[in-house]
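# A look at the structure
These are the residues of each chain, in order.
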Amino acid sequence: MVDEERRDFWAGLLYIAVGLAFAAVATTYPMGTASRIGPGYFPFGLGLALAGIGGFLIVGSRRGRAADRNRVADAKVCAGEADVAGGLRVALLILAAVVAFGVLIRPAGLLVAVIVLVVVSSLAGEGLHAPLKTLLLALAAAAIAWAIFISGLGLPMQVWPAGLS
Amino acid sequence: MEFLSNLALGFATATTPINIFYAFLGCLLGTVIGVLPGLGPLLTIAMLLPFTYGLDPTTALIMLAGIYYGSQYGGSTTAILLSLPGETSSVVTVIDGHEMARQGRAGVAIATAAIGSFFAGTMGSLLLAAFVVPLTQMAINFGPAEYFSLMVVGLIAAVSLASGSQFKALGMVIIGLLLGLVGVDVNSGLTRFTLGADFLWDGIDFIVVAMGLFAFGEIIASIGEKSGGGPPAAIASLWPTREDVRRMTPPILRGTAIGALVGALPGAGLALGSFFAYSLEKRVSRTPEIFGKGAIEGVAAPEAANNAAAQTAFVPTLALGIPGSATMALMLGAMTLHNIQPGPQVVNTNPDLFWGLIASMWIGNVLLLVLNLPLVGLWVQLLRVPYRLLYPMILMFSCIGLFSVRNSIHDVFLAAGFGAAGYLFRLIRCEPAPLLLGLVLGPMLEENFRRALLISRGDYGTFVATPVSGGLLAMTAALLFTFAYSSWSRRRRPLVTEP
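The rules behind each value
Residue numbers run consecutively from 1 along every chain, following the written order of its sequence. The lettering of chains begins at A and the numbering of ligands begins at 1, in the order of writing. The predicted origin of the model limits local features to residues at a pLDDT of at least 70 and limits the giving and counting of side-chain atom pairs to 80 or more, whereas totals for whole chains, interfaces and linings rest on all residues. Where side-chain values are given, they derive from all heavy atoms of the structure, hydrogens and water being excluded. Put simply, a nonpolar core is a bunch of buried Ala, Val, Leu, Ile, Met, Phe, Trp, Tyr and Cys residues held in one set by side-chain atoms that sit within 4.5 Å of each other. Summary of the burial criterion: residues with accessible area below 20% of their type's maximum are buried, those above 50% are exposed, and those between are partly exposed, where the area comes from a 1.4 Å probe applied to protein chains only. Strands here are runs of E lasting at least two residues and helices are runs of H or I lasting at least four, both read from the DSSP assignment and numbered beginning at the N terminus. It only takes one pair of heavy atoms within 4.5 Å for two residues to be counted as in contact. For Phe, Tyr and Trp, where Trp contributes only its six-membered ring, two rings pair if their centres lie within 6.5 Å, and the inter-plane angle classes them as stacked under 30 degrees, edge-to-face over 60, or tilted in between. Salt bridges are defined as contacts in which a side-chain nitrogen from Lys or Arg sits within 4 Å of a carboxyl oxygen from Asp or Glu. A fitted line through C-alpha atoms represents every axis, and for helices the fit uses only the stretch in contact; the resulting angles, taken between N-to-C directions, go from 0 to 180 degrees. Throughout this description, any angle smaller than 35 degrees is read as roughly parallel, any larger than 145 degrees as roughly antiparallel, any in the 65 to 115 degree range as roughly perpendicular, and the remainder as oblique. In this scheme the handedness of a crossing depends on how the near helix is turned from the far one: anticlockwise by less than a right angle means left-handed, clockwise means right-handed. Confidence of the prediction at every residue is given by pLDDT, a number between 0 and 100.

## As for the nonpolar core
Burial of nonpolar side chains together is a common tendency in soluble globular proteins. Grouped together as the largest cluster of nonpolar side chains are 208 residues, with contacts concentrated most on F101 and V114 of chain A together with F314 of chain B. For this core, the element with the most residues is helix α4 (residues 84-126) of chain A, which contributes 17 residues. Filtering out sequence-adjacent residues up to four positions away, F101 of chain A remains in contact with A113, V114 and L117 of chain A together with C399, I400, F403 and V412 of chain B.

This is the structure in structure tokens:
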């Protein structure tokens, strides 16, 4: 199968799964009647429509399609995805950094959360090549964050780790 | 004649030194806030509302209006530079605007957005002033069936935003619609699709999805490309060339017209305006394939539509007392606080307020142009910062912005989840922009669907009963047909193997 078709196949599969999932859950809500629709009515219909589109995509991908229309864009995307393993590592690190921020901001406060965020996300870029620079960047980010959001805008959030200050 | 004397009154009110000062302050604050991802005009207006208590009501509204527009400008800037749509209206700008930035034309893109917005703002103010009454009439005549059909057309228009398979994009729209339905159902009080998580009761916030799909996705994709350490794309001239100006003019005109019309409808207007404008441009263009790859028309039209819609969004608020969006609701609240009852009589009972507001909208647009064009150089400098320093900063702003929307860490986690989803979507080439429109319109679509059926007592024919609704749905059917046709006809061509 051509790349394009493979992508369509997986997209179709995703749509069928998501569509059926939503529709299934929607059936547990009251449907109501046409004149007084219940909470399940609309999402049920949408879920089925989505699954239908997914089916259409899968059928289309197996029958063989010309991929020339998306050639240029494809080439760019192919080049970008060439290193899927590398991309995955980057993705996981960035998302881990965000999650770490979320975990830390309440108990540990804004400054710690920002520092951890910057350090972890920097790992995605150049790894541990320049630990001092990364730390400096993290501290600078924390300072800027404090200046803009706490001092400047006065947003209500924990700044220092709970228990300190 | 009366119109001119009203305008004169308006300008007299708006150009007092104190009003100009506050207009400037509002614009400045709005732009700064708009640039920061996550924080939006809603939060800013809410925060600054108490400071306006001591001000004269006209002045207060002028400042708040300045913030409102300023944040639209700021939002476009981040959309172009960072691929981060600050608001629904900037989602479309991301598509071509960010591409232009990647090609070294960030300055031109921002300048185009500023010029388009200014022009549309000016025209929008004039249209608002001249056509308040007919626009109000039109807004009143739009019943739930018409709204529903308009939104359906809008969603199909969103599909044409995708440069890839249209059916995939349609699927994304539906996913967005379904995600928009997550949360408490207003009509029955039932919590839908929340899987027992009570932080989902309020639904999934737009900025959470936008951040996850766009900003995080963009960062993840870009690190791989840019960590080679090479210099960023040479930044070409900051100013649009003659050719650029020639190309951006018709889209700006068309975008203004669409935005002005659609914006007058409460609720749907702002989101739909830019989507409609973009897909119209794509359709009338002789070279539709340039869209999605840095077409200046793809920035000019939606930005103009946005700003025009932002102006006419005041129509239902001022004339009918019906706020079109949460931000408008705040403005309405501000007016009530200062003892002004919006409604059809506001034009007569408070002429200095009404016309002063209109005049100050225009002044606000001028101020924003003055503020932003020189700043273009500054913003572009931002791109010169090595990416490895830049992206942690972007992440920091994003995460803080996310957290501050509802002071909820769950929003942060959810955004990370959408970031993962965005990564998967990129792999299968499903475009995120249509999903966002679906997300915003989902609840409104269902609500109008429900209402239309309620009024017609279950008769589906109500959707084709009126010419407006029927016509819009016919347009939808035609568009869907063309999608199917082009999709099938592509299949007939012989298979071409990838190199």
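## Points about the packing of aromatic side chains
Counted according to the given criterion, the structure contains 14 aromatic pairs over all chains. Ring centres of F42 of chain A and F449 of chain B lie 5.3 Å apart, and the angle between their planes is 45 degrees; this geometry places the pair in the tilted category. One end of the pair, F42 of chain A, is in helix α2 (residues 41-63); the other, F449 of chain B, is in helix α19 (residues 433-455), on a second chain. Both residues of the pair, F42 of chain A and F449 of chain B, count as buried. Ring plane angle 5 degrees and centroid distance 5.6 Å describe the contact between F449 of chain B and F463 of chain B, whose orientation is recorded as stacked. You can see F449 of chain B sitting in helix α19 and its partner F463 of chain B sitting in helix α20 (residues 462-465), a full 14 residues away along the chain. For the pair F449 of chain B and F463 of chain B, a shared accessibility class is recorded, and that class is buried. Here a set of aromatic residues connected by ring pairs shows up, and it is made of Y41 and F42 of chain A together with F148, F449, Y460 and F463 of chain B.

## Let's talk about the pattern of salt bridges
Close approach of charged atoms allows side chains with opposite charge to pair. Following the criterion strictly, the structure yields nine salt bridges over all chains and no others. D8 of chain A serves as the salt-bridge partner of K168 of chain B, at 3.0 Å between the closest nitrogen and oxygen. Residue K168 of chain B is found in helix α8 (residues 166-180), and its partner D8 of chain A is found in helix α1 (residues 3-27); the two belong to separate chains. The two residues K168 of chain B and D8 of chain A agree in class, both being buried. Here E446 of chain B makes a salt bridge to R192 of chain B, at a shortest N to O gap of 2.8 Å. With E446 of chain B in helix α19 and R192 of chain B in strand β2 (residues 191-192), this residue pair connects regions lying 254 residues apart in the sequence. R192 of chain B matches E446 of chain B in its accessibility class, with the two residues each being buried. Ionic contacts of the salt-bridge type, sharing partners, join the residues D185, R192 and E446 of chain B into one network.

## So, the packing of helix α17 (residues 387-406) of chain B against helix α18 (residues 409-427) of chain B
Residues and elements named next belong to chain B. Between α17 and α18, the least distance of the axes is 7 Å, while the angle of their chain directions is 130 degrees. Taken together, the axis directions place α17 and α18 in an arrangement best described as oblique. Judged by the sense of rotation from one axis to the other, the crossing of α17 with α18 is right-handed. Only I409, D411, V412 and A415 of α18 make contact with α17, whose side of the interface consists of C399, L402, F403 and R406.

## Let's talk about the confidence of the model for chain B
Residues and elements named next belong to chain B. Mean pLDDT for chain B: 79, with 87% of residues reaching 70 or above. Mean pLDDT in chain B bottoms out at helix α15 (residues 346-349), which sits at 66, and peaks at α8, which reaches 91. Within the model, pLDDT remains below 50 along residues 227-232, and this stretch shows four contacts once partners closer than five positions in the same chain are excluded. The low-confidence segment residues 492-499 (pLDDT under 50) makes 15 contacts with residues lying over four places distant or belonging to another chain. Two numbers describe this predicted complex: its pTM, 0.79, and its ipTM, 0.84.

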